[in-house]
Amino acid sequence: MLNIWVFKSLQELVGVGPKVEEVLKRLGITTTKDLLFHLPNRYEDRTTIVDLVHVIPGYPQLLEGEITSQNLIPGRRLQATLTFEDLTGAARIRLFHFSRAYLSTLKGAYKVRIFGEARMNQGSLEFVHPEISVFKRDPPPLDDRLTPIYPATEGLSQAKIRDLVRQAFLAGPDNYALEELLEPRYIRDRPALWEALLAVHQPARGLPPARCIERLALEELLAHRLLLLTRRDDYIRFHAPQISESALPMRQRLRELLPFKLTQAQERVLIEIDGDLAQGHPMLRLLQGDVGSGKTLVAAFAALPLIQAGFQVALMAPTELLSKQHANKFSQWMKPLGISIGLLVGSMKIASRRLMLEKMQTGQVQLIIGTHALFQNEVKFGNLGLVIIDEQHRFGVAQRLMLREKAVILTPHQLIMTATPIPRTLAMTQFADLDVSIIDELPPGRTPVETRLVSQTRDADVAERLDVQFSEGGQAYWVCTLIEETDQSQAEAAESRLEKLKALLPHRNIGLIHGRIKSDEKTALMQAFSDHQLDLLVATTVIEVGVDVPNANIMVIENPERLGLAQMHQLRGRVGRGTRVSYCILLYGESISQQSKERLTLLKEINDGFELSEADLRLRGPGDVSGTRQTGDLNFRVANLSAHAHLLDEVADLAHQIRNDKPQIKALLIDRWISQEALFVHV
Ligand code: ADP
Ligand code: MG
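Residues numbered from 1 in each chain as written. Chains lettered and ligands numbered in written order. Predicted model: local features only at pLDDT ≥ 70, side-chain atom pairs only at ≥ 80, totals over all residues. Heavy atoms only, no water.

**Student:** An account of the site of ligand 1 is needed here, citing residue identities and associated values.
**Tutor:** Neighbouring ligand 1 are 18 residues, the closest being Lys261, Gly292, Thr296, Arg446 and Asp548. Lys261 is positioned with one of its backbone polar atoms (N or O) 2.8 Å from a nitrogen atom of ligand 1. At 3.3 Å from an oxygen atom of ligand 1 is found a side-chain nitrogen or oxygen belonging to Lys329. Top element by residues in the shell around ligand 1 is helix α10 (residues 295-308). It accounts for three residues. In terms of residue class, the shell around ligand 1 is built from five nonpolar, six polar and seven charged. (Near = heavy atom within 4 Å. Polar contact = N/O pair within 3.5 Å; in protein donor to acceptor, adjacent residues only side chain to side chain. Helix = DSSP H or I, 4+ residues; strand = E, 2+ residues; numbered from the N terminus. Nonpolar A, V, L, I, M, F, W, Y, C, P; charged D, E, K, R; others polar.)

Next comes the structure, spelled out in structure tokens:
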């Protein structure tokens, strides 16, 4: 089917030789079809000339005038400053790369047009390296269209890309690349593909109409969804352990051991999981729940029937610290059931590592907990039945599907747990290969955390308040954040904070934990905090995920403005787990912007993780929402999750129909929108 699409090779275009072809390849462009789907990511307006008096600094604008003087400034690097004048005023142009010949061309100019962003410097307008076009007589008429700006790469100018796209279009609407793959009933009253693409590459007047962009976004989102579904289908074709008994003795015994009952939401999710386990095909399920909603316990319950049926379960956590904590927790729950538990982390001594690997391969350990070290090549499982991935956002589609390689005969089931809820739009795009279960209820008896905004200048007052809480038996975390996320700078910030706090609270026991502290020591420190030998734990964001010390009731976050809302919420979720009234203190920096302050206020007002994740997405955009920045899954060409969220239900529906009725266009759509390189990254 794919063969009927014979695309023109790039070398048939004027101006493409082996060298340009190589450069285009870096952009994922290997055929003329790829050129047509290489879409501009923004536009520049060269349709009007702006007078100097009306220039707005910070926006690219087109000006026309004369160069009235030139100055060479010697220094470590030779600079040229030029004076540019139009009828309304004068500005400075600063050049760093230029030749003398170029300067004399400028001197001989009758008129110049410059395009660039102005800034204010020493009281006057200045352009640094604007684009300068030189004219010997009256300049030609202005463009009547916006100029598309394409994703580019070194060795390929915008003008070149524009010209190649124009040539690719000359093939006309019969070009196979532009064949309508979607039936009219799917497209409804939206413009044709040809029309939409043309409008985006060569907008008539003003920005391309939203309906044209939407037409393309629909197809692109559909292609991505179909790709994920295809990969899902490929995975779940395999056989997996089939578990059908539901009233299992091991689960019953764990229920009896627990000092509390599962919440209704936890019970409901377990039923959903059991439904998957009974299929005989691998489960691919995403478990979402707010911090503290008890996802870990659900994971334990999900593991039991597999273990009872003689399979191994692997639990992967993002850090060693969390792996060890899970190992403790699961030991409490599972050792009484006679289950053997193993830990595999990077810092293990060679001998004990080798021993553990052997136990895993022979099936002596039934539950194995660890970091991503679990899935390295030399790790072999005897009989892996279920993989649980805890709070590991960077574990993308590709890695999920590679777990098949750990299969012996049967392919393992997968349960993926998120740290905080994921906005619906992301769940529907990035995690479209997974079924979703949601725990929408917190265990009873939790008191919502009271969130306060306090200026950093009042850190001594905060310390005083902590002191009062310590006297009443409480404990606190003090989290230091840094923009530069090197271990060293973080460690330094945390250390200097520790010194200050020690001076303010000399009679208290204060611990310090950061990325440069050895793994064993970290564990010991966490244990000491957990045993209440420490009142206060100063930490970097290493404690961000998963730490569970119910007696801790205050979380201080220093410079919270540097974190995303979801990340702060995750930190805040470390407290409020016991019976004490709990506080989260956002200790903001002096120079914080009004916008950041408003963002922090959201955290104060919203306690629900699902609501916050949506707000976070709105504020920061999809690329950056905590934990979801990753494998390039979200590198859309036109689609934009904020602008096109309303299409997602339609896309899901269309994908479903195409999967059932028109499987032959699946591959065509995927190939059209997702470059070979990107496909490779996905796998
Ligand atoms: P999550 O991973 O979802 O953030 P955890 O699994 O760490 O949450 O659970 C938070 C705390 O709540 C743990 O101490 C856990 O033992 C406890 N917990 C879990 N389920 C319940 C329940 N149904 N009732 C009371 N406490 C629970
Ligand atoms: Mg957890």
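**Student:** Can you break down the pairing of strand β20 (residues 552-558) residue by residue, with the values?
**Tutor:** Among the seven residues in β20, seven count as buried, and that is most of the element. One ladder, built from six bridges, connects strand β17 (residues 475-480) with β20; its direction is parallel. Each bridged residue has a counterpart across the sheet, and for Gln475 the counterpart in β20 is Ala552. Sheet topology places β20 next to strand β21 (residues 583-588); five bridges connect them, and they run parallel. Paired with Ile557 across the two strands is Leu586, which belongs to β21. Regarding topology, helix α18 (residues 565-572) serves as the crossover connection from β20 to the parallel β21, and that connection is right-handed. (Buried < 20%, exposed > 50% of the residue type's maximum accessible area, 1.4 Å probe, protein only. Pairing = 2+ DSSP bridges. Right-handed = clockwise from strand over helix to strand, strands pointing away.)

**Student:** Explain the sheet that holds strand β13 (residues 384-390) to me, using residue names and the numbers behind them.
**Tutor:** One open sheet accounts for seven strands, arranged β11-β12-β10-β13-β14-β9-β15; its pairing is parallel. Looking at the sheet topology across the chains shown, the edges are occupied by β11 (341-344) and β15 (435-439). The mean inter-strand angle of the sheet, taken between neighbouring strand axes irrespective of direction, is 20°. Sheet topology note: the strand β10 (residues 312-316)/strand β12 (residues 367-370) ladder contains four bridges and is parallel. Bridged to Leu315 within β12 is Ile369. Lying on the sheet, helix α11 (residues 320-334) is in contact with β10, β11, β12 and β13; it crosses β12 at an angle near 155°. (Axes fitted to C-alpha atoms, helices over the stretch in contact; angles between N-to-C directions. Contact = heavy atoms within 4.5 Å.)

**Student:** How would you explain the sheet that holds β17 if you had to name every residue and give the values?
**Tutor:** Two strands in a sheet stick together by hydrogen bonds in their backbones, pointing the same way (parallel) or opposite ways (antiparallel). The sheet built from six strands is open, its strands ordered β16-β21-β20-β17-β19-β18 with parallel pairing. Two strands lie at the open edges of the sheet, namely β16 (450-455) and β18 (510-513), each paired on one side alone. Within this sheet the neighbouring strands show an average axis-to-axis angle of 20°, counted without direction. Relative to β21, β16 runs parallel, the two sharing six bridges. Bridge assignment links Arg452 to a residue of β21, and that residue is Ile585. Here helix α17 (residues 519-530) sits on the sheet in contact with β17, β18, β19 (536-539) and β20, set at roughly 145° to β18.

**Student:** Which residues make up the domain arrangement of the protein chain, and what values do they have?
**Tutor:** When the domains of the protein chain are assigned, the result is domain 1 (4-41 + 161-208), domain 2 (48-142), domain 3 (249-439) and domain 4 (449-606). Here domain 1 and domain 3 have C-alpha centroids that lie 45 Å from each other. (Domains from an automatic or database assignment.)

**Student:** Any details on the confidence of the model for the protein chain? Residues and values, ideally.
**Tutor:** Residues of the protein chain with pLDDT of at least 70 account for 92%, and the chain-wide mean is 87. Every residue in residues 1-5 is under pLDDT 50, and counting partners more than four places away or in other chains gives 10 contacts. Ignoring residues within four places in sequence, the model shows residues 624-633, a span with pLDDT below 50, making 29 contacts including any to other chains. (pLDDT = per-residue confidence, 0-100.)

**Student:** Give a detailed account of the side chain of Glu44, specifying residues and quantitative values.
**Tutor:** Along the chain, the position of Glu44 falls in strand β1 (residues 42-44). For Glu44, the side chain forms a polar contact with the side chain of Arg42, separated by 3.2 Å. Separated by 2.4 Å, the side chains of Glu44 and Arg46 make a polar contact. Once you skip the residues sitting within four places of it in the chain, Glu44 turns out to touch Phe115, Glu131, Leu146, Thr147 and Ile149.

**Student:** For the nonpolar core, give the residues involved together with the corresponding values.
**Tutor:** Residues Leu197, Leu216, Leu222, Leu344, Met360 and Leu669 are the most contacted members of the largest nonpolar core, which totals 87 residues. Sorting elements by how many residues they give to this core places helix α7 (residues 210-236) first, with 12 residues. The two domains that each donate at least three residues to this core are domain 1 (4-41 + 161-208) and domain 3 (249-439). In contact with Leu216, not counting residues within four places along its chain, are Leu39, Leu193, Ala196, Leu197, Val200, Val638 and Trp673. Core analysis: the next-biggest nonpolar cluster, separate from the first, contains 39 residues, Phe311, Ile341, Leu367 and Ile388 among them. (Core = buried A, V, L, I, M, F, W, Y, C linked by side-chain atoms within 4.5 Å.)

**Student:** Which residues make up the packing of helix α9 (residues 264-277) against α10, and what values do they have?
**Tutor:** At their nearest, the axes of α9 and α10 sit 10 Å apart, and the two run at 35° to each other. The handedness of the crossing between α9 and α10 comes out as right-handed. Counted together, Gln266, Val269, Leu270, Ile273 and Leu277 of α9 and Leu297, Val298, Phe301, Ala302, Pro305 and Leu306 of α10 form the full contact between these two elements. Looking at the contact of α9 with α10 residue by residue, the classes come out as 10 nonpolar, one polar and no charged. (Left-handed = near helix turned anticlockwise from the far one by under 90°.)

**Student:** So what about the environment of Asn383? Which residues, and what values?
**Tutor:** Its location among the elements puts Asn383 in the loop between β12 and β13. Residue classification places Asn383 among the partly exposed positions, given a relative accessible area of 31%. As for Asn383 and Pro241, which are separated by 142 residues in sequence, their C-alpha atoms are 10.0 Å apart.

**Student:** Pulling in residues and values, what's your account of α18?
**Tutor:** Judged by how many residues are buried, α18 sits mostly within the fold: eight of eight residues are covered. Looking at α18, one finds that the buried residues are Leu565, Ala566, Gln567, Met568, His569, Gln570, Leu571 and Arg572.

**Student:** Now, about the packing of α10 against α11: what can you tell me, with residues and values included?
**Tutor:** Viewed as axis vectors pointing N to C, α10 and α11 meet at an angle of 55°, and their least axial separation amounts to 11 Å. Classed by the angle they form, the pair α10 and α11 counts as oblique. In this structure, α10 meets α11 at a crossing whose hand is right-handed. Listed contacts from α11 to Thr296, Leu297, Ala300, Ala303, Leu304 and Ile307 of α10 are His326, Phe330, Trp333 and Met334. Tallied by class, the residues present in the contact of α10 with α11 amount to eight nonpolar, two polar and no charged. (Parallel < 35°, antiparallel > 145°, perpendicular 65-115°, else oblique.)

**Student:** Tell me about the pattern of salt bridges, and name the residues and values.
**Tutor:** One pass over the structure, following the stated rule, counts 34 salt bridges. With its nearest N and O atoms 3.2 Å apart, the salt bridge here joins Arg190 to Glu214. You can see Arg190 sitting in the loop between α5 (184-187) and α6 (193-201) and its partner Glu214 sitting in helix α7, a full 24 residues away along the chain. In this structure, Arg285 and Asp276 form a salt bridge, with 2.6 Å as the shortest nitrogen-oxygen distance. Comparing Arg285 with Asp276 shows no difference in burial state: the two are buried. (Salt bridge = Lys/Arg side-chain N within 4 Å of Asp/Glu carboxyl O.)

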